[in-house]
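Overview (structure and organization)
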Amino acid sequence: MNPENTEKLLTAYPLLYRELRERSFECGDGWFDLVWQLSAEIGSAAHLAGIPKTAEAWPSVRILKQKAGTLRVQFDTA
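Presented here is a report on the structure given in the accompanying data block. In this text, all values refer to a predicted model and were calculated from it rather than measured experimentally.

Some words on the packing of aromatic side chains
Scanning the entire structure with this criterion turns up three aromatic pairs. Each ring, one from Phe32 and one from Trp36, has its centre 5.7 Å from the other, and the planes form 40 degrees; the classification is tilted. Highlighted residues: Phe32 and Trp36, both in helix H2 (residues 32–48), separated by four residues, approximately one helical turn. With relative accessibility at 33%, the residue Trp36 sits in the partly exposed group. By the ring-pair criterion, three or more aromatic residues cluster together here, those being Tyr13, Phe32 and Trp36. The aromatic ring of Trp58 is capped on one face by Lys53, whose charged end is 5.5 Å from the ring centroid.

Right under this line is the structure:
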């Protein structure tokens, strides 16, 4: 993903992508809208579940990459 789109995601969802801050998103820019929507949905679900917005508790994406024409996302929850 290009640096501008990467920065948009890191700025809008800093806790969600805290583990990817030093690495890149391993997918093309064509995935940006879907990743943005997924990010919002994860944040919404965490908020509705009453998860505190702290680095220890908030979900964290560990892997986000394109492979074999699919988008693979792996994240942890506390």
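Some details on the nonpolar core
Of all hydrophobic cores here, the largest spans 15 residues; its most connected members are Leu9, Tyr17, Phe25 and Leu64. Taken together, the elements giving at least two residues each to this core come down to helix H1 (3–12), H2 and strand E1 (60–67). With three residues, the top contributor of residues to this core is H2. Other than its neighbours up to four places away in sequence, Tyr17 contacts Leu9, Leu10, Phe25, Val35, Ser39, Val61 and Leu64.

Some words on H2
The end-to-end C-alpha distance of H2, which contains 17 residues, comes to 24 Å, matching closely the 24 Å that a straight helix rising 1.5 Å per residue would cover. Within H2, burial applies to Phe32, Val35, Ser39, Ile42, Gly43 and Ala46. Buried residues of H2, seen end-on, are gathered within an arc of 95 degrees and therefore sit on one face of the element. Turned more than 90 degrees away from the buried face of H2, the exposed residues are Asp33, Glu41 and Leu48. Considering only its buried residues, H2 is in contact with H1, E1 and strand E2 (70–76).

The rules behind these values
- Residues numbered from 1 in each chain as written.
- Predicted model: local features only at pLDDT ≥ 70, side-chain atom pairs only at ≥ 80, totals over all residues.
- Heavy atoms only, no water.
- Phe/Tyr/Trp six-rings, centres within 6.5 Å; stacked < 30°, edge-to-face > 60°.
- Helix = DSSP H or I, 4+ residues; strand = E, 2+ residues; numbered from the N terminus.
- Buried < 20%, exposed > 50% of the residue type's maximum accessible area, 1.4 Å probe, protein only.
- Lys NZ or Arg CZ within 6 Å of the ring centre and 35° of its normal.
- Core = buried A, V, L, I, M, F, W, Y, C linked by side-chain atoms within 4.5 Å.
- Contact = heavy atoms within 4.5 Å.
- Expected span 1.5 Å × (residues − 1).
- Arc of directions from axis to C-beta.

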